[in-house]
Amino acid sequence: MIGNFDFDVIWRSLPYLFRDGMTFTLLLTALSAAGGLVFGTLIALMRLSGYRVLGLIAGLYVDFMRTLPLVLVIFWFYFLVPYIAQWLTGAASPIRVGAFHSSLITFIMFEAAYFSEIMRAGIQSISRGQPAAAQALGLTYGQTMRYVVLPQAFRNMLPVLLTQTIVLFQDTSLVYVVSITDFLGAASKVAQRDGRLVEMYLFAALVYFVISSVASFCVRLLQARIAVVR
Amino acid sequence: MNRNILFGLALAAAVGASQASAEELTGTLKNIKDTGTITLGYRDSSIPFSYLDDNQKPVGFAMDICYKIVDAVKKDLKLDKLQVKLNPVTSATRIPLMANGTIDLECGSTTNNAEREKQVWFTNTHFLTASRYVFKKSSNLKSIDDLKGKTVVSTAGTTNIKQLTEANVARKLNATIVPAKDHAEAFLMVETDRAVAFVMDDILLASLVAGSKDPSDYVISKDAFSTPEPYGIMLRKDDVPFKKVVDAATAALYTSGEGQKLYDKWFMSKIPPKGLNLNTPISPELKAEFAKPSDSPDPASYKP
Amino acid sequence: MNYHWNWGIFFEPNPMGTGSYLDLLLSGLELTIKTGLLAWVIALITGSIVGVLRTLPSKAASWFGFAYVEFFRNMPLLVQLFLWFFVLPELLPRNAGLWLKQLPNAPFWTAAVGIGFFMSARVAVQLQAGIGSLPRGQKQAATALGLTTVQTYRYVLLPMAFRIILPPLTSEFINTLKNTSVAITIGLLELTGQARSMEEFSFQVFEAFTAATVLYLLINLVIVIVMRLLEQAVAIPGYISGK
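Computed from a predicted model, the values in this text were never measured in an experiment.

This part covers the interface of chain A and chain C. With 30 residues of chain A at the contact, the number on the chain C side is 28 residues. Of all the elements in the fold, those that place two or more residues in the side of chain A that touches chain C are helix 3 (70-89), helix 6 (141-171) and helix 8 (197-226) of chain A. When residues in the side of chain A that touches chain C are grouped by element, the largest group, 11 residues, is from helix 8 of chain A. Grouping the constituent residues of the side of chain A that touches chain C by class yields 22 nonpolar, seven polar and one charged.

Right, let's get into the interface of chain B and chain A. Taken together, the 17 residues of chain B in the interface contact 14 residues of chain A. The biggest single contributor to the side of chain B that touches chain A is helix 6 (residues 183-191) of chain B, with four residues.

All names here are of chain B. A cis amide bond, omega -5 degrees, links Ile 47 with the succeeding residue Pro 48. With respect to the secondary-structure elements, Pro 48 resides in the loop between strand 2 (45-46) and strand 3 (50-52). A cis amide bond links Pro 272 with the next residue in sequence, Pro 273, at an omega value of -5 degrees. Of note, Pro 273 is situated in the loop between strand 16 (270-271) and strand 17 (276-277). The backbone phi angle of Asn 174 is positive, close to 55 degrees, even though this residue is not glycine.

Residue and element names in this part refer to chain C. At a minimum axis distance of 5 Å, the contact between helix 1 (residues 21-55) and helix 5 (residues 106-132) shows a crossing angle of 40 degrees. By the criterion of interaxial angle, the relationship of helix 1 to helix 5 is oblique. Read as a crossing pair, helix 1 and helix 5 show a hand that is right-handed. Across the contact of helix 1 with helix 5, the residue classes tally to 17 nonpolar, 10 polar and one charged.

Below, the discussion takes up helix 8 of chain A. Taking 1.5 Å of rise per residue, the 30 residues of helix 8 of chain A would be expected to cover 44 Å, and the 43 Å separating its terminal C-alpha atoms lies within 8% of that figure. Residues Leu197(A), Val198(A), Glu199(A), Met200(A), Tyr201(A), Phe203(A), Ala204(A), Ala205(A), Val207(A) and Tyr208(A) constitute the buried set of helix 8 of chain A. Taken together, the buried residues of helix 8 of chain A touch helix 1 (7-48), helix 6 and helix 7 (183-194) of chain A together with helix 3 (77-91) of chain C.

With that settled, the discussion passes to the environment of Ile186(C). Residues and elements named next belong to chain C. Relative to the elements of secondary structure, Ile 186 occurs in the loop between helix 8 (166-179) and helix 9 (191-202). Note on Ile 186: 19 C-beta atoms within 10 Å, which makes it partly exposed. Taking the C-alpha atoms as reference points, Ile 186 and Gly 19, 167 residues apart in sequence, are found 25 Å from one another. Sequence-distant contacts of Ile 186, that is, excluding residues within four places in its chain, are made with Leu 81, Phe 85, Pro 107, Thr 110 and Ala 111.

What counts, and where the lines are drawn
Per chain, residue numbering runs from 1 following the sequence as it is written. Each chain takes a letter, starting from A, and each ligand takes a number, starting from 1, following the order in which they are written. Only residues with pLDDT of at least 70 get local features here, since the model is predicted, and only at 80 or more are side-chain atom pairs given and counted; chain-wide, interface and lining totals rely on the full set of residues. What counts as a contact here is a pair of residues whose C-beta atoms, placed from the backbone, lie within 7 Å. Runs of E in the DSSP output that reach at least two residues are strands. Runs of H or I that reach at least four are helices, and both are numbered from the N terminus. Each residue gets one of three labels, nonpolar for Ala, Val, Leu, Ile, Met, Phe, Trp, Tyr, Cys and Pro, charged for Asp, Glu, Lys and Arg, and polar for the others, Gly among them. Every axis in this analysis is a line fitted to C-alpha atoms, fitted for helices over the stretch in contact. Angles between the N-to-C directions lie between 0 and 180 degrees. Relative orientations are named as follows: roughly parallel for angles under 35 degrees, roughly antiparallel for angles over 145 degrees, roughly perpendicular for angles from 65 to 115 degrees, and oblique for any other angle. Take the far helix as the reference: if the near one is turned anticlockwise from it by less than a right angle, the crossing is left-handed, and if turned clockwise, right-handed. Each residue after the first adds 1.5 Å to the expected span of a helix. In this scheme every C-beta is placed from the backbone, and a residue whose C-beta has 20 or more other C-beta atoms within 10 Å is buried, one with 12 or fewer is exposed, and one in between is partly exposed.

Printed below as a string of structure tokens:
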């Protein structure tokens, strides 16, 4: 079996794999991380706001998203986003949402729960003196958050946030279950069409491994660099 | 003179009113006119109805029929430009994606039956096929009962897997039924000896075998799980105006002889990507249906 | 919303002939739990071994531990399952490969092993952190008393380390159960897979997935309660983990 390893099939399908598959994966990862971070920070702030109702809603959201498997969440959003959009906008029939947008919404909503926990830990790790000093200087809540607390929290949690993004990068492979063509989906298509499962799956595993390892290594370097001496 | 003017005005008003009511579009037609796009659902590996060629472009018999429907819709709505979007579907996702508005037409190998008509509608039939199974010659299966205790694969969300499941219970086969995501994956399971048989429509099996690395290794069963059932192009349920346009387009296509030409293009000549010729002449039942197009889900209504 | 609701679908017979749709979902739930438990056992055993290796003074051991964790952490679980299920049988000698492929319940065993090894890397890291958080004096005292390395770990370090990491291990166990859903791609009909089957046969998308969601929430609740009881049962009063 090792003897007739077909390198040619990998070589031939490289353009398709990377132009179609990898760009989808990377784009989805980047946009979901950004959106998830923004939304997650909002949820963290809701939880820490001191208003019981807001805190309860935020807490329930986070617990809910973290209890469900990502595969189930993908199915939910894939089939139901058009109905929800119809209900929200009062349209006459379900609104058409493409595969990319449906996955984007799914991952932003899902990752927001995880990012919110990270940001919450980050915000809570800031010493109380900071917001107190900001208040003494006359800054509003919004200004305190925007200029004092969040920048420090973000910087402190940057390695953890980046690690979560690497996890997100790997999780995007699960769009396979709704037959969306990301990098793994593209490799699968070629594998099934040409009957070359071993070559394509080993290659896909190698690519994911290299990208994740290099990224983790960079995060470790970053962590050493930005360690703040207190 | 006054009377004439009055009469003329009344006529103009009547014509004007009828023009106004003709502009009242609803449902899919309205959506298409407003967005200027129509979305077609295509399959990965339903050869030769809807599948990806070497350039990952969807082609096939059902795709060609759909493009003709698109032309008819364009003419009917008097649009200068109609953008066609393509959305991949699988057997398992085609019906939910039709219901939730992601696709307007599903161009593939979907069986039209009464149960599905509770969720979606179909236009005039474009093929008739029965459910059979393919197996490796070396497995030496002689009938459905030989599947006892074996691992059998079929594609998720199809009528075939449903028929297989029911037969499994009715004939007490105790077979392990494995659902695959699409036809290529299921066929691969037989190819790699993970499953002993793949249950699917016979025309799709014939295409997969013909395109495989060693066609002589495989045998398609003689006995079937069902009588020949109709394939139809799917559209949304309760959308009467859209169905009218689509039905008219497909009826015109089949009765004019163009349908037969398209059939010959995909079943009697070389098709991409490997230049196979399936060499399947048109069945008498299908020929009769082309002469008198019907969207009936009842297999018994299709007689030669 | 032109969706045809039917909450009574759960009591209608399913086409598999095995009872109602609810029975279908419950059989999926049973498979989820079985696969999760087996995977967790594998993860605990192998993860603990690797975790201990990562804390040993020997350079070879810690290098192996590092490589092991990096290998299983830098590949998506889905890709790992594909490697176990599709690639491994092809790389083995023909007879062994055929035996693997035709194993009844092949998806179950493959999923349990694949998920088990994936999670073992995380257990290893947790255990390393747990052992690392113990005061250095513990190990030194053990050496002073004349205990061998094995005895040190067995009687002094590990009992405390496991108690400390019990809360994060709980969430890793829940993650293991959630990860079983990824195995629908290799044909395992666990809870999410059965919900999908139900949706395919009955077209009742909302009902099927709501039921699956409720069942996952229930599992989560049960595990959290059980683990909390376990934490209380093994807690040593007055120590870090004893609250």
